[in-house]
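Here is what each chain is made of, one letter per residue.
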Amino acid sequence: MEFEQEIARRRTFAIISHPDAGKTTLTEKLLLFGGAIHVAGAVKSNKIKKTATSDFMEIEKQRGISVATSVMGFEYNGYKVNILDTPGHQDFAEDTFRTLTAVDSVIIVIDAAKGVETQTRKLMQVCRMRNTPVIVFVNKLDRPCGDAFDLLDEIETELKIGVRPLSWPIGNGERFMGVYNLFEKSLYMYEPSKQTVQEGVAVELSSKELDSRIGETEAATLREEVETIDGVYPEFDVQDYLRGQIAPVFFGSALNNFGVRELLHCFLQIAPQPQTSHAAERDVLPQEKKFTGFVFKIHANMDPNHRNRIAFVKICSGKFERNKAYKHVRLGKELKFSSPTAFMADKKSIIDEAYPGDIVGLPDTGNFKIGDSISEGENINFRGLPSFSPELFRYIDNADPMKAKQLAKGIDQLMDEGVAQLFVHQFNGRKIIGTVGALQFEVIEYRLLHEYGAKCRYEGISLYKACWIESDDVAELSEFKKRKAQYLAKDKDGRDVFLAESNFMLQMAEQDFKKIRFHFTSEF
Ligand code: G4P
C-alpha cells in the first residue's frame, strides 16, 4: 500500500470519561467489533479499583497489564484503528492529559443518568485547548435517566461545545426501545444482550412502518422530537466537528452492545486521519517522508530485576523502521531499535515498520524522558506536553543513608516518566515532590523501594501552587527573587518556580510584580 494511503486509513483516538461512565466497557465492545479480542472481559482486568487509594498491588497490577493495553490497535473495514487507553483514576489525570497530545480525536462517554461529571469537564478543557474533534456517546440508556434534550443542554453548557445528535433514543430505562439513527436514517430496536449486535432497519420517519414497530404514541413522540432537533440544532457539518466546534452525539448502551457499531461506523467516516504536529521549530506534516516522533508516555517494567522501560512514541511523520538509526534530539545521539513493539489489542509484537498515527513501544534503559523527540537527523522539538502546576506537595528525604545514590537515581527516573514533578527549594536546598493526585506519593514510595531498593520519607509542606515565573525585566525579576527568597525553587530543568503558600499570596505577588509572568503550565 502507498505511504499516503497508510496514513489516510489510520484513526488514532482516546476514549475519555468520568470513572464508571463506561469507558472500559465501550473500549471492549469496540475491540470485539474489530475482532481484536474474542471474549468480553479481556480489557476489564486493566482497571485500578476506583476506591483504592492505597492498594499497592492494584497499582502494580495496573501498571503491568496496561503495558499491553495502553494502546489497542485493530483492523476494521480497511481502517487501522488505534485506541489509546487513559487511566481511569483521577490521580493519574496528568497521564491522561499527555495521552491526549498523541491522539487526533476523542470519544467522550457520558453516563445518561449522571450527566457531565467533574473528570469529563477537566478532560474536555484539554480537548478544547487543542481543538480536538470530539464525539459524545451517551451511555447506559437501559437505565432510567432524564430528558435527552436537557442532557444535550447540559453537555453544551458544561463542556462548552456545540452538539448535534446523530442518533436519538426512544424511551429509556425499562421503557428503552431503541434509537433512531439520524445519520443513517434507520431504526435500531433494543434487545438487551451482552454479546449479540442488533441490525438496523431502514425506516423513514414518516412511514407507517415506524408506528407498527414502536407503537403509535412513541412514533408520534419520536417524529416530534426529531422535528425539534432539526429546528434547534444546526445541520451536521463535518468541518465543524473537525474544527472542534460541534460534537456529534450518539446514544446507546455499551454493556448491551447497543449503539456501539453505529458509533464506530460514523467515527471511521468522519474522524480525522493523522494530523499536523507542532514542533517548536516548525509544523510537521504526517506525509513528510522523513520519520519524526515524540515520547508521550514511559512505562516502567514490572520485573524489578530488569529495570528496563518502554517509551511510547507517537509517529508524527514518515515511516518508522526497525534497526534504522534515529536521532535522539535532546541527547544528540543516534539510537537503533532492534525490537520496537506494536500493540494489537491485548498483545504486543515486534514490528518492522510503522506509520504516522501509530504508536510504537521502544524498550529503553533510561535514555528517554517524556516529551523527547526522535528524528532522522533534524533537530526538532515537539511541543504540547506541558507539566501542569502541581497542587499537592511534600518534602522528600532519604530514610536510608546507605542508599542515597539509589534514591537520587530512582527519583530522577520516576520524574522522567512523568510520575510527579521535582523541585529543589532554593532557600533550604531540600527536594520537593509535587503531584496532581495523592496516590502518586504512595506510588513513588512503593516504587523507590521495590525497583531501586531506596527508602524515602515524606514531610508535609503547606503550599497552594507552584508556578513558573519569567520576566523581560531583569531588575524586577531580581527584586522579586530577593523579596521572595523563601518561596523560590528550581524545576528539574533549572527553571525558576514560585511556591505560593496561598491563593492570596499568589494574587499579591501578581499585583506587586506586574512585569513578572506567572505560568501554570511548564510550556509557555
Ligand atoms: P469506566 O471504565 O468508565 O470506569 O466504566 P466501566 O466500563 O468499568 O463501567 C462501569 C460500570 O457500568 C460497570 O459496572 C459496567 O458494567 C457498567 N456499565 C457500562 N455500560 C453500561 C450500560 O450501557 N448499561 C448499564 N446498565 N451498565 C453499564 P460495575 O458493576 O462497576 O462493573 P462490573 O461488575 O459489571 O464489571
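About the cut-offs
Residues numbered from 1 in each chain as written. Predicted model: local features only at pLDDT ≥ 70, side-chain atom pairs only at ≥ 80, totals over all residues. Heavy atoms only, no water. Pairing = 2+ DSSP bridges. Helix = DSSP H or I, 4+ residues; strand = E, 2+ residues; numbered from the N terminus. Axes fitted to C-alpha atoms, helices over the stretch in contact; angles between N-to-C directions. Contact = heavy atoms within 4.5 Å. Phe/Tyr/Trp six-rings, centres within 6.5 Å; stacked < 30°, edge-to-face > 60°. Buried < 20%, exposed > 50% of the residue type's maximum accessible area, 1.4 Å probe, protein only. Expected span 1.5 Å × (residues − 1). Parallel < 35°, antiparallel > 145°, perpendicular 65-115°, else oblique. Nonpolar A, V, L, I, M, F, W, Y, C, P; charged D, E, K, R; others polar.

Engineer: It is not clear to me how the sheet that holds strand E26 (residues 431–435) should be interpreted in this structure. Could you clarify?
Structural biologist: For sheets, the rule is that strands pair by backbone hydrogen bonds, running either parallel or antiparallel. Here eight strands make up an open sheet; going across it, the order is E27-E24-E26-E25-E29-E30-E28-E31 and the pairing antiparallel. With one partner strand each, in any of the chains shown, strand E27 (456–460) and strand E31 (517–519) form the two edges of the open sheet. On average, each strand axis in the sheet is inclined to that of its neighbour by 40 degrees, with strand direction left out of account. As paired strands, strand E25 (residues 421–425) and E26 are joined by four bridges and run antiparallel to one another. In the strand pairing of E26, Val424 is matched with Lys431. Against the sheet, helix H11 (residues 404–416) contacts strand E24 (392–398), E25, E26 and E27, and its axis sits at roughly 150 degrees relative to E24.

Engineer: Where do I start with the packing of aromatic side chains in this structure?
Structural biologist: Aromatic rings in a pair are described by how distant their centres are and how their planes are angled relative to each other. If you walk through the whole model with that rule in mind, you get 19 aromatic pairs. Centroid distance Phe291 to Phe320: 5.3 Å. Interplanar angle 65 degrees. Geometry classified as edge-to-face. Placement of Phe291 in the loop between strand E13 (283–284) and strand E14 (292–300) and of Phe320 in strand E16 (residues 320–321) is noted, with a sequence separation of 29 residues between them. Residue classification places Phe320 among the buried positions, given a relative accessible area of 0%. An aromatic cluster of at least three residues, connected via ring pairs, comprises Phe291, Phe320, Tyr326, Phe337 and Phe368.

Engineer: What is the right way to look at the sheet that holds strand E8 (residues 178–181) in this model?
Structural biologist: The sheet built from four strands is open, its strands ordered E7-E8-E9-E10 with antiparallel pairing. Whereas interior strands pair on both sides, the edge strands pair on one side only; in this sheet they are strand E7 (167–170) and strand E10 (201–202). Here four bridges tie E7 to E8, and the two strands are oriented antiparallel to one another. Paired with Trp168 across the strands is Tyr180, a residue of E8.

Engineer: Teacher, can you tell me more about the side chain of Ser375 here?
Structural biologist: Among the structural elements, Ser375 can be located in strand E23 (residues 373–375). If we skip the residues at most four places from it in the chain, Ser375 touches Phe291, Thr292, Tyr326, Lys327, Val329 and Ile380.

Engineer: Where do I start with H11 in this structure?
Structural biologist: Quick reminder: α-helices carry 3.6 residues per turn. Residues three or four places apart thus point the same way. The end-to-end C-alpha distance of H11, which contains 13 residues, comes to 18 Å, matching closely the 18 Å that a straight helix rising 1.5 Å per residue would cover. Within H11, the full set of buried residues consists of Leu407, Gly410, Ile411, Gln413, Leu414, Met415 and Asp416. Gly418 lies just past H11 and shows a positive phi near 85 degrees.

Engineer: I keep staring at unusual backbone geometry and nothing clicks. Help me out?
Structural biologist: A negative phi angle is the norm for most residues apart from glycine, just as the trans form is the norm for most peptide bonds. The residue Lys140 is not glycine, and still its phi comes out positive at about 65 degrees. Note that Lys140 resides in the loop between strand E5 (134–139) and helix H6 (148–159). With a phi close to 55 degrees, Lys185 is a non-glycine residue in the positive phi region. A residue is classified by how much of its surface remains accessible, and Lys185, at 45% relative accessible area, is partly exposed.

Engineer: I tried to follow the packing of helix H2 (residues 23–33) against helix H10 (residues 260–270) on my own but got confused; where do I start?
Structural biologist: At a closest axis distance of 10 Å, the pairing of H2 and H10 adopts a crossing angle of 75 degrees. On the basis of their axis angle, the class for H2 and H10 is roughly perpendicular. In contact with Leu26, Lys29, Leu30 and Phe33 of H2, H10 contributes Val260, Arg261, Leu263 and Leu264. When its residues are assigned to classes, the contact of H2 with H10 shows six nonpolar, no polar and two charged.

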